[in-house]
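Coordinate inspection notes
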Amino acid sequence: MMIFTLIRNELFKIFSYWRTYMSYFFILLLVPLFFWGFSVGGSNIERQLTNAMGNHFLMVGKLVNAFTVAYFVLNFLWIHIPFLIALVGGDVLAGEEAAGTYRVYLTRPVSRWKIFLSKSIATLLYTLSVILFLGIMSIGVGAIWMGLGDLVVLQDGILVLPAGTAAIRFALAYGLSFLNMSLVATLAIFFSAMVKNAVGPVIGTMAIVIIFFAISSLPLDFFETIRPFFFTTYFDSWTKAFYDPIPWDYLWLSTWTALLHIALFLGGAFLIFKRKDILS
Amino acid sequence: MIRLLSLLLLVTMVSSQPLKSPDEIFKMVRDNLSHIQDYQVEMKIKVAMPGFRMPGKKVSYAFKTPDKVKLETTGFAVVPRQGILPFYNEIMNDSLQIKVETLEYTILEGENVWLVAFQDSLYDQDALIKLWVTDPQGTILKGIATIGGEDVLTLTSQYAHVEGVAWMPVETEMEIVLPARMKTMQHFNSTPKAKMEIMNSMRDTTETPVTGSIQLEFSKYKLNRGLPDSFFQED
């Protein structure tokens with residue numbers, strides 16, 4: 001029971017900082033902007049497709065709907081959302097040290113592993129809430145704004161997914177995204193355990209993500225061989241959720257890679273946290 | 001024995017028939033379609049193309065002469081123009097001015113058909129198109145479009161006489177081949193027969209072409225219900 005109290009306390013701490021709400025504000029501001037943009041300029045996309053295929057095919061129905069916009073919005077998951085997640089994850093341990101609250105906190109009769117576990121779970125719950133908020137804003141608000149419909153995906157040409165199938169694929173994509181964002185959060189926790197202020201972990205996490213992304217995308221032979229070992233290589237797993245057929249082998253590989261990295265980062269962070277000397 | 005003799009007689013009659021001019025053949029097609037002022041139909045479309053994948057779709061289609069069209073479906077769909085009424089625009093607009101030729105009178109799927117060939121453009125390429133037109137119904141049972149020696153589009157249709165007004169397609173299948181390297185040629189001055197020979201000699205068999213098919217099933221035809229123009233205005 002104590003762990004639940006600790007998690008509740010950690011959540012209270014996380015949500016008492018204004019920066020925690022930045023991710024929600026970001027989504028709240030940008031997603032409706034996307035919908036507005038698509039509702040104004042969406043017909044351009046339809047016109048382009050009509051120009052490309054119109055000689056031989058007649059187009060019928062709405063090409064741009066909530067699913068189409070939600071699919072584009074998911075691209076925030078490459079850099080923007082990881083940064084916002086790192087802001088919270090990077091502060092979760094280092095913030096205590098910077099504020100000088102560690103001494104009081106760790107002298108209470110609660111084991112370090114319980115404190116660490118509650119902080120990790122609270123960070124992951126925050127990550128989940130961001131992904132859920134992104135989903136609700138993209139699909140929920142989008143459904144009211146633009147309505148639902150078939151999803152047109154560019155994969156080896158044009159792939160039309162019926163609305164029912166698209167909804168299931170979005171659930172899978174958000175699930176995979178949560179896993180990837182959890183990986184970013186745990187990387188930030190790992191760095192957070194090492195330092196005394198939250199700026200370093202945030203910069204460190206983003207530097208790792210951006211550098212790994214850069215290396216992952218360089219078409220050089222040497223990088224080809226090491227690419228499978230970078231966790232960022234599998235950050236595109238959400239895009240594969242919309243493929244037909246779904247490449248389950250790849251999704252399992254990306255899931256295990258993410259889980260393994262999460263375990264490594266949390267394990268490493270716990271070892272550092274457990275041996276930490278609290279001197280101030 | 002009697003059957004064999006009858007078949008021989010039929011084949012002899014067919015082969016000895018003097019060739020109709022392309023104008024007469026296309027007039028049969030126009031006569032069949034000229035009875036239609038407007039129509040509505042329910043279509044089921046199945047697409048199996050490597051570059052375009054779409055689940056089976058039901059589309060409501062309405063048409064009014066000369067060119068008003070309305071389509072409705074749930075979600076999004078694409079409908080191949082040629083699949084609805086094969087070569088309707090080319091024949092009704094009388095755009096077949098260049099080198100049309102009747103090749104033979106033969107039997108296809110138990111029907112007497114005229115084989116005509118003409119030149120047109122397809123996929124922005126110079127194409128040779130052959131049509132098998134039934135006599136006397138004036139329906140297009142089969143059409144093949146050839147580009148660079150490769151049959152890029154093969155269209156086969158089955159028809160039913162709808163409401164005693166006109167022969168309309170009930171099932172159409174389009175087989176599409178996109179050659180790896182599509183060769184175009186500008187030989188508008190040669191006859192279709194000569195062009196066919198040139199195209200065959202140019203045939204490129206070094207790379208495997210991309211193939212696919214589109215099936216259309218038509219049902220619930222409503223012909224000449226006097227659809228107003230306002231019906232075709234977008235909501």
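Residues numbered from 1 in each chain as written. Chains lettered and ligands numbered in written order. Predicted model: local features only at pLDDT ≥ 70, side-chain atom pairs only at ≥ 80, totals over all residues. Heavy atoms only, no water.

This brings us to the packing of helix 7 (residues 112–145) of chain A against helix 12 (residues 248–275) of chain A. Residues and elements named next belong to chain A. The geometry of helix 7 relative to helix 12 is characterised by a closest axis approach of 10 Å and an angle of 140 degrees between their N-to-C directions. Taken together, the axis directions place helix 7 and helix 12 in an arrangement best described as oblique. Crossing handedness for the pair helix 7 and helix 12: right-handed. Between helix 7, through Arg 112, Trp 113, Ile 115, Phe 116 and Ser 120, and helix 12, the contact on the second element is made entirely by Leu 266, Ala 269, Phe 270, Phe 273, Lys 274 and Arg 275. Partitioned by chemical class, the residues of the contact of helix 7 with helix 12 number seven nonpolar, one polar and three charged. (Axes fitted to C-alpha atoms, helices over the stretch in contact; angles between N-to-C directions. Helix = DSSP H or I, 4+ residues; strand = E, 2+ residues; numbered from the N terminus. Parallel < 35°, antiparallel > 145°, perpendicular 65-115°, else oblique. Left-handed = near helix turned anticlockwise from the far one by under 90°. Contact = heavy atoms within 4.5 Å. Nonpolar A, V, L, I, M, F, W, Y, C, P; charged D, E, K, R; others polar.)

Residues and elements named next belong to chain B. Bridge count between strand 1 (residues 38–49) and strand 11 (residues 210–223): nine bridges; the pairing is antiparallel. Counted as the bridge partner of Glu 42 is Ser 219 from strand 11. Bridging between strand 10 (residues 166–178) and strand 11 involves eight bridges; their strand directions are antiparallel. Across the sheet, Thr 172 pairs through a bridge with Leu 216, a residue of strand 11. (Pairing = 2+ DSSP bridges.)

Before going further, it helps to examine helix 3 (residues 66–73) of chain A. Residue and element names in this part refer to chain A. Counting buried positions along helix 3 yields seven of eight residues, so the element is predominantly enclosed. All of the buried residues in helix 3 are Ala 66, Phe 67, Thr 68, Val 69, Ala 70, Tyr 71 and Val 73. In this structure Asn 65 caps helix 3, since a side-chain oxygen of it lies 2.9 Å from the backbone nitrogen of Phe 67. (Buried < 20%, exposed > 50% of the residue type's maximum accessible area, 1.4 Å probe, protein only. Polar contact = N/O pair within 3.5 Å; in protein donor to acceptor, adjacent residues only side chain to side chain.)

A common way to state how big an interface is: give the accessible area lost once the parts meet. Counting residues at the interface gives 25 residues for chain B and 22 residues for chain A. For the pair chain B and chain A, the two sides together bury roughly 1,900 Å², of which 62% comes from carbon and sulfur. Among the residues chain B hides against chain A, the three largest losses belong to Arg53(B), Phe76(B) and Arg81(B). Together they make up 41% of the total. At the junction of chain B with chain A, the criterion picks out one salt bridge. One salt bridge connects Lys57(B) with Asp150(A), and the closest N-O pair in it is separated by 2.3 Å. Inspection of the region where chain B meets chain A yields six residue pairs in polar contact (both at pLDDT 80 or more). Those elements that provide at least two residues to the side of chain B that touches chain A are strand 2 (52–64), strand 3 (68–72), strand 4 (76–80) and helix 3 (81–84) of chain B. Among the elements that make up the side of chain B that touches chain A, the one with the highest residue count is strand 2 of chain B (seven residues). In terms of residue class, the side of chain B that touches chain A is built from 16 nonpolar, four polar and five charged. Bridging between strand 3 (residues 158–161) of chain A and strand 2 of chain B involves two bridges; their strand directions are parallel. Bridge assignment links Leu159(A) to a residue of strand 2 of chain B, and that residue is Arg53(B). (Buried area = accessible area lost by both parts, 1.4 Å probe. Salt bridge = Lys/Arg side-chain N within 4 Å of Asp/Glu carboxyl O.)

Turning to the confidence of the model for chain A, a few remarks are in order. Overall, the prediction assigns chain A a mean pLDDT of 88, with 96% of residues at 70 or greater. The weakest mean pLDDT in chain A belongs to helix 6 (residues 102–107) of chain A at 77; the strongest belongs to helix 12 of chain A at 95. (pLDDT = per-residue confidence, 0-100.)

Turning next to the nonpolar core. It is characteristic of soluble globular proteins that their nonpolar side chains tend to be buried jointly. Formed by 78 residues in total, the largest nonpolar core has its most connected members in Leu74(A), Ile81(A), Leu134(A), Leu151(A), Phe170(A) and Phe242(A). For this core, the leading source of residues is helix 8 (residues 163–194) of chain A, giving 15 residues. Contacts of Ile81(A), omitting those with residues within four sequence positions, involve Phe26(A), Ile27(A), Phe76(A), Val130(A) and Met181(A). If you look at the next biggest cluster of nonpolar residues, it comprises 68 residues, including Tyr39(B), Ile45(B), Ile84(B) and Ile214(B). (Core = buried A, V, L, I, M, F, W, Y, C linked by side-chain atoms within 4.5 Å.)

Turning our eyes to something else, we now look at the packing of aromatic side chains. All names here are of chain A. Inspection of the entire model under this criterion finds 35 aromatic pairs over all chains. Judged by centre distance (6.0 Å) and plane angle (35 degrees), the ring pair of Phe 116 and Phe 273 falls under tilted. With Phe 116 in helix 7 and Phe 273 in helix 12, this pair connects stretches of sequence that are 157 residues apart. Taken individually, Phe 116 and Phe 273 each receive the classification buried, so the pair is uniform in this respect. Aromatic side chains Phe 190 and Phe 191 sit 5.8 Å apart centroid to centroid with 50 degrees between the ring planes, which places their arrangement in the tilted category. The class of Phe 191 is buried, set by a relative accessible area of 19%. Taking the ring centre of Phe 273 as reference, the NZ or CZ of Arg 112 above it sits at 5.8 Å. Here the basic side chain of Lys 240 rests over the ring of Tyr 250, its NZ or CZ set 4.9 Å away from the ring centre. (Phe/Tyr/Trp six-rings, centres within 6.5 Å; stacked < 30°, edge-to-face > 60°. Lys NZ or Arg CZ within 6 Å of the ring centre and 35° of its normal.)

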